[in-house]
Amino acid sequence: MLSQRVKNCILFQGNDHVIYNGSFYYLNYPSESIVKYDLNTLYTSKKNIHRNRIVSNSGLPLLAPLYLPQQPDNYLDLVTDENGLWAVFGLAVDNNTVVMKFDPLTLETQFMWNISLSHHQVADTFIVCGVLYAVDHVEQRDTRIRFALDLYKNKLLDVELPFSNPFKYTTSLGYNPRLSVRYIIAYFFIGLIIGMLQ
């Protein structure tokens, strides 16, 4: 149980934050930055998300609401897998989904993929072993995963996987690589789904 008071924490927005190697990572929407809050030292660092030339010249903000209409206040989904830390976000200039792998210490971008997947047509995403999976619905008990992209091989995988959503309206979906479990957060309930995707 945490008994220490949080100091010098930069404001955050959304519901897809993550704790990784003793630090809390989250989005600071006004500055379009990823923030790292070290839970041991209470030190905060942040790094602006990289903008390409098209986004910079558009005059629009970088981020668009992600996973509409299910999660209207979520702009960035932070996820972990065996390869490290990732950010998934939608671009305001188009409907594409961007996946960014970044260094957990420096917050520097390591790789970035601009994917022709409308972030408004999927309900949530997670990454396992470098594969991005998209879930069709978060408000239905039984749904499907119909999109999977191996990010390192740049290869679309042919999938049609059933996905059980025991709490219905899920607000966050993720994967813990140390325990090899997917987790679901629905309102104030946290559930674990044991087993790997095959």
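Here goes a summary of the coordinates provided. (Residues numbered from 1 in each chain as written. Predicted model: local features only at pLDDT ≥ 70, side-chain atom pairs only at ≥ 80, totals over all residues. Heavy atoms only, no water.)

### Considering the nonpolar core
What counts, and what does not: Only buried residues count toward a nonpolar core. Its members are Ala, Val, Leu, Ile, Met, Phe, Trp, Tyr and Cys residues joined through side-chain atoms within 4.5 Å. Exposed residues in this analysis have more than 50% of their type's maximum accessible area, buried residues have under 20%, and partly exposed residues fall in between, with area computed by a 1.4 Å probe over protein chains only. Under the scheme used here, helices are H or I runs from DSSP no shorter than 4 residues and strands are E runs no shorter than 2 residues, and both carry numbers assigned from the N terminus. Contact criterion: two residues are considered in contact whenever any of their non-hydrogen atoms come within 4.5 Å of each other.
One finds Y25, I34, I49, L76, L78, F89 and F102 to be the most contacted residues of the largest nonpolar core, which totals 20 residues. Counting residues per element, the ones that place at least two in this core are β1 (18-20), β2 (23-28), β6 (76-81), β7 (84-91) and β8 (97-102). Looking at this core, the element that brings in the most residues is β7, giving four residues. With residues up to four places along the chain from it excluded, the contact list for L78 reads D16, H17, V18, Y25, Y26, L27, I34, W86, A87 and F102.

### Looking at the pairing of strand β9 (residues 109-115)
Along a regular strand, successive side chains alternate from one face of the sheet to the other. Filter applied, for reference: Should DSSP find at least two bridges between two strands, the strands are regarded as paired.
As judged from the six bridges shared by β8 and β9, these two strands associate in the antiparallel manner. Looking at β9, one finds that K101 is bridged to F111. The turn linking β8 back onto β9 is made up of six residues, and L107 within it adopts a positive phi angle of 70 degrees.

### A word on the packing of aromatic side chains
Geometrically, a pair of aromatic rings is defined through the distance of the ring centres and the angle of the planes. Our working definition: Ring pairs shown here join Phe, Tyr and Trp side chains whose ring centres sit within 6.5 Å, with only the six-membered ring taken for Trp; geometry is labelled stacked below 30 degrees between planes, edge-to-face above 60, and tilted in between. Here, a charge over a ring is recorded when the distance from Lys NZ or Arg CZ to the ring centre is within 6 Å and its angle to the ring normal is within 35 degrees.
Tallying each qualifying case throughout the model produces 10 aromatic pairs. With a centroid separation of 6.0 Å and an interplanar angle of 65 degrees, the aromatic rings of W86 and Y152 are classed as edge-to-face. Residue W86 is located in strand β7, and its partner Y152 is located in the loop between β12 (142-150) and β13 (155-157); the two are separated by 66 residues in the primary sequence. A ring pair is formed by W113 and Y152, whose centres lie 6.3 Å apart and whose planes are at 90 degrees; its orientation type is edge-to-face. Of this pair, W113 sits in strand β9 while Y152 sits in the loop between β12 and β13, placing them 39 residues apart in sequence. Looking at Y152, the relative accessible area reads 39%, which means it is partly exposed. An aromatic cluster is defined as three or more aromatic residues linked by ring pairs; in this entry it consists of W86, F111, W113 and Y152. Looking at K101, its charged tip hangs above the ring of W86, at a distance of 5.9 Å from the centre.

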